[in-house]
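Below are the chains, spelled out letter by letter.
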Amino acid sequence: MDFPVVEVPLIGGRMLIALVGIIHVLISHGCAVGGSFFLVLLEYKSIRERNERLNLVAYRLTRWFFILTTSVGAMTGVGIWFTTNMFSPVGIGSLLRVFFWAWFVEWLVFITEIVLVAVYYLSWRRMSPQKHLRVGIAYILTSLQTMIIIVGILGFQLTSGKWMSTRSFWDGFFNPTYVPQLFSRIALAGILACAFCLLIYAFLRDLRDVRTQFLRFSGAYLLFVSPLYLLATFAYYQVLPERAQAFISVALVTLQLTQYAQWSKIFFVAVVGVMLLTGAVLFLKQRTYGVLSILPILVLTVAVAQFERVREFARKPYVVDGYLYSNGFRKVELPFISDVGASRYATWAWRGLDQKKGDAALGHMLFRLECSTCHTYRGINGIFRKKILAPGEEAALRFLNTYEFSHPYMPPFAGTQSEKEALAYFLGEGATKK
Amino acid sequence: MTNIPIDIPLSLPAPDGVLKALLVITFIVHILFVGLMVGGAYWSVIFKLLGKEDPFYERLAREILDTVTINKSLAVVLGVAPLLLIGLTYTGYWYTANMMTVPAFLSIIWLVIFAFLFLYAYKYTWDSLGDRAPFLHLSFGLSACAIFAFVPLIFLANINLMLLPFRWDATKGFIQALLLPNVLFRYMHFFVAVFAIIGFFAAIYFWCRGRKSDDLFYMRSQKLGLKWALGGTLLQSIFGTLNFISLPQGAYSRTLLIHIAAALALAAVACIALVRALLTTSGKPIVAAVALLGVVALLMSFVRHTVRENLLREPRMVANQRTLEYQTSLATFLKTYTPESGKLLSGEDLFKRYCTSCHARDRLLLGPSTQYMVQKYKGKKEDMAAFVLNPKKVNPDLPSMPKPPIGQYEIEEIVEYILGGSR
């Protein structure tokens, strides 16, 4: 709780994390994991049918996957560490202490994966086809392992399950959402890879001669993988804890649009629909349509953004379910902080503020400390633009008194009565000043 | 001085010493590949420039660039473990330093992505652009090198800042962190090491590749590598010394001096081995030099570790003091604290808790007044309960009401209170 406060103007820290996260998921799922099945399958097909040209397609696609995985994919992976550390140091610091060895093993697997990608790509023409395929299979296996590990950690944040009472690593790891989330992600990775390939293939003009075979293969592949994705994702929604389910509505759109909540599931059906349709058209017609090269990847980008947003939101107000709030306060320490005051242990949040300004400064400090993880001032989720605070200080105080119950996706206010009043003063002043 | 963070109240996943040893080891491997990446990129540009005169250099530039493709990816991936470990063992210090320089720190990601893409562009347009638009082609490589020149500065600023908590108050951001005493000299120390590393690598790599071939290229590049390795190692007698004397106050201790002395002696022997390697064609002196300098690297990493521990000794006392105070106060408080739970709240209390942020008795807040509710729902308690449990859009001028987090018992009490009490 006592770290420097990092504020990102306008878009806020969460949006920044989301941007890095979405790019990372697209590349790491799509190119690294999904790419392993799609490309190795394509290579296998080309070898079995002795189709040199198709083999060349697989090779050229692999080059792009290799470039993306080793630059954008690897760096955004590190980037997620960098960014989340900055916005929830206590959260990541705590997760590290529980999961260090899982991450360490993930790291070893990840090194293997990168080496295998490199060998798979760089040795394409230099190895005998059989040997090369074997490298491909090793690559598939390692990339699956990276998923197996990371899903355990992600799921833990959402449903810490028995870990809360036993504090044992395995209880945290194999929690209730584990299996469905794993399958959902693997299937998503599979579809993404195909979508990337369709896009890249559109630019490989000199390889148009094998498009019948390539598109038929992609079509069949989509028709097979998309239903798996649908099934796994629905199973996942089924096991999301009650609490989370109630909030999904707010995650998808803003509070004002809650009535579209049901659309969340319909949306996923639509995404899978688009994929199946694309698959069917490609399988039957085997023609390149401009839209069919670009549409799948666009739709999937939105779907990934949505999926991650739901996951992120489902765990609000916690970083670790039931243990640690998003703003770095632990659940058990809240009554204590409310008793002694949040100012007592806060030093960094004061930086740059003039303490002599009284309530305005104290309120601002408390906002930084407790709210700025999720709120900006006037940008995305901007606090001063909230209708509920618009009437001013009095309304703000009323809000602070009760939001713990009416808005349970935010961590409860931690602080004494006079601190609460100072925050209300700060919020009221900002919200009324246009 | 109270802004040194309180420790996170969960135990470490392994003894502190084990984790720190792991940090030192994984970091050496990481920095080795960073050296190969940065040094390789610089070589591929420098020798491409020289290649106009002499095709030998052109070929060397290209072959080295091929190795960068893999080495750079490994450099990044290998960096993850030391990143996790430093977060684990120096949590408060490392996070705080990064957060103080956050724009610079986060820019590392995008900068390095661009550097990598530039390197790919440099590599894959070597034939197509190299002759047609040599300037453009070279600019890809140069851009990557420029980024590689800048990024280490960010890391070095943060590492220094992390070790000087007593300066945190006076340091406002990245630029000021750059001016901390040790940063610039350590930067030079790093870059000289990078050129020594790539020289070594080239010597070994081309020696291996050339064993079964009588192509003179391999012999010549091996010798060139050895010269860079020797030059870099010798130059460290200047830059290493500058780095050493610019260490902040409190960094020095006796173990530190002993280890440095040992490292210097070994480095001197390694230089002799390098000279021998230059004069003969046998691989043995190279192997000896590599082994010796490996040990030197290990000793130096240990020296860095000692510096960290020495500098953080006092800050840690402050942090421990704060953590202890905090934890005992919390424990004492929790002993007497009983949460209000299980208590059944009245309809009025529940209404205050769950509804008053949006509803008042007689005026419109975010949602309509309770007077309106009474008018609309008098005698229709079930309907109102159904609405509240599952709000639908009613008035197009108002936002929608979110689903409140309450169940059957609460809703009955609340509806009873609103419709009954307002009568």
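Residues numbered from 1 in each chain as written. Chains lettered and ligands numbered in written order. Predicted model: local features only at pLDDT ≥ 70, side-chain atom pairs only at ≥ 80, totals over all residues. Heavy atoms only, no water.

The number of helices and strands found in chain B is 14 helices and zero strands. Its helices and strands in sequence order give chain B the pattern α-α-α-α-α-α-α-α-α-α-α-α-α-α, from N to C terminus. For 423 residues, the compact-globule formula gives about 22 Å, and the C-alpha radius of gyration of chain B, at 33 Å, lies well above that figure. Projected onto its principal axes, the C-alpha positions of chain B cover 105 × 60 × 40 Å. Per-residue burial for chain B yields a buried fraction of 53% across its 423 residues. Of the roughly 19900 Å² that chain B leaves accessible, carbon and sulfur atoms contribute 66%. Of the charged side chains in chain B, 39 are positive and 26 negative, and the gap between their average positions amounts to 7 Å. (Helix = DSSP H or I, 4+ residues; strand = E, 2+ residues; numbered from the N terminus. Rg over C-alpha atoms; globule rule 2.2 N^0.38 Å. Buried < 20%, exposed > 50% of the residue type's maximum accessible area, 1.4 Å probe, protein only. Areas by Shrake-Rupley, 256 points an atom, 1.4 Å probe, with all protein chains shown as cover. Lys, Arg positive; Asp, Glu negative; His and termini not counted. Charge placed at Lys NZ, Arg CZ, Asp CG, Glu CD.)

This brings us to the overall build of chain A. Helix and strand content of chain A: 15 helices and two strands. In chain A, which comprises 434 residues, the share counted as buried stands at 62%. Carbon and sulfur atoms form 65% of the exposed surface of chain A, whose accessible area is close to 16900 Å².

Attention now goes to the interface of chain A and chain B. At the interface, 72 residues of chain A touch 78 residues of chain B. Regarding the contact of chain A and chain B, the summed buried area is about 6700 Å², with carbon and sulfur atoms giving 76% of it. On inspection of chain A and its partner chain B, the count reaches two salt bridges. Across the pair Arg97(A) and Asp7(B) runs a salt bridge, and its minimum N-O distance is 3.8 Å. Along the contact surface separating chain A from chain B lie 15 residue pairs in polar contact (both at pLDDT 80 or more). (Contact = heavy atoms within 4.5 Å. Buried area = accessible area lost by both parts, 1.4 Å probe. Salt bridge = Lys/Arg side-chain N within 4 Å of Asp/Glu carboxyl O. Polar contact = N/O pair within 3.5 Å; in protein donor to acceptor, adjacent residues only side chain to side chain.)

A few words now on the packing of aromatic side chains. All names here are of chain A. If you walk through the whole model with that rule in mind, you get 58 aromatic pairs over all chains. Between Phe267 and Phe268, the aromatic rings sit 5.6 Å apart at their centres with planes inclined by 80°, giving edge-to-face as the arrangement. Since its relative accessible area comes to 24%, Phe267 is described here as partly exposed. Residue Phe268 is classed as buried on the basis of its relative accessible area, which comes to 1%. The aromatic ring of Tyr59 is capped on one face by Arg125, whose charged end is 5.1 Å from the ring centroid. (Phe/Tyr/Trp six-rings, centres within 6.5 Å; stacked < 30°, edge-to-face > 60°. Lys NZ or Arg CZ within 6 Å of the ring centre and 35° of its normal.)

To continue, consider the nonpolar core. If you look at the biggest cluster of nonpolar residues, it comprises 205 residues, and the most contacted ones within it are Phe38(A), Leu42(A), Leu61(A), Phe214(A), Leu60(B) and Phe148(B). Residues contacting Phe214(A), with those up to four places away along its chain left out, are Phe38(A), Leu42(A), Leu54(A), Val57(A), Leu61(A), Cys197(A), Leu198(A) and Tyr201(A). By size, the runner-up hydrophobic cluster in this structure holds 42 residues, among which are Tyr318(A), Ala349(A), Leu369(A) and Ala414(A). (Core = buried A, V, L, I, M, F, W, Y, C linked by side-chain atoms within 4.5 Å.)

Another aspect to go through is the environment of Thr328(B). Residues and elements named next belong to chain B. Mapped onto the secondary structure, Thr328 falls in helix α10 (residues 284-336). Accessibility expressed as a relative area gives 43% for Thr328, which makes it partly exposed. Separated by 2.8 Å, the side chain of Thr328 and the backbone oxygen of Leu324 make a polar contact.

Bringing empty space enclosed by the protein into the picture now. Residues and elements named next belong to chain A. If you walk through the whole model with that rule in mind, you get seven cavities of 30 Å³ or more. Space inside the largest cavity adds up to approximately 270 Å³. Put simply, the parts of the chain that give the lining of the largest cavity at least two residues each are α2 (52-87), α3 (89-122) and α13 (359-370). At three residues, α3 tops the list of elements feeding residues into the lining of the largest cavity. Of the residues assigned to the lining of the largest cavity, the class counts are 11 nonpolar, seven polar and two charged. No fewer than three residues from each of domain 1 (12-325) and domain 2 (332-432) sit in the lining of the largest cavity. (1 Å grid on protein atoms, 1.4 Å probe; cavity = no way out; pocket = protein on both sides within 12 Å on 5 of 7 lines; lining within 4 Å. Points joined across faces, edges and corners; volume = space filled by probe spheres on them. Nonpolar A, V, L, I, M, F, W, Y, C, P; charged D, E, K, R; others polar. Domains from an automatic or database assignment.)

This part is about unusual backbone geometry. Residue and element names in this part refer to chain A. Backbone geometry at Arg50 places phi at a positive 50°, although glycine is not the residue there. Summarising the element assignment, Arg50 is placed in the loop between α1 (12-48) and α2. Positive phi outside glycine occurs at Asn381, with the angle close to 50°. Inspection of the secondary structure assignment puts Asn381 in the loop between α13 and α14 (393-406).

Residues and elements named next belong to chain A. Mapped onto the fold, His375 is located in the loop between α13 and α14. The class of His375 is buried, set by a relative accessible area of 12%. Among the polar contacts listed, one links the side chain of His375 to the backbone oxygen of Asn381, at a separation of 2.8 Å. The contact partners of His375, leaving out residues within four places of it in the chain, are Phe367, Asn381, Ile383, Lys386 and Met410.

Okay, the confidence of the model for chain B next. Mean pLDDT over chain B stands at 90; residues scoring 70 or higher make up 97%. What the predictor reports for the complex is a pTM of 0.86 with an ipTM of 0.88. (pLDDT = per-residue confidence, 0-100.)

Attention shifts here to the environment of Leu61(A). Residue and element names in this part refer to chain A. Within the secondary structure, Leu61 sits in helix α2. A sequence separation of 136 residues divides Leu61 from Cys197, and the C-alpha atoms of the two residues are 6.6 Å apart. Other than its neighbours up to four places away in sequence, Leu61 contacts Leu39, Leu42, Cys197, Ile200, Tyr201, Leu204 and Phe214.

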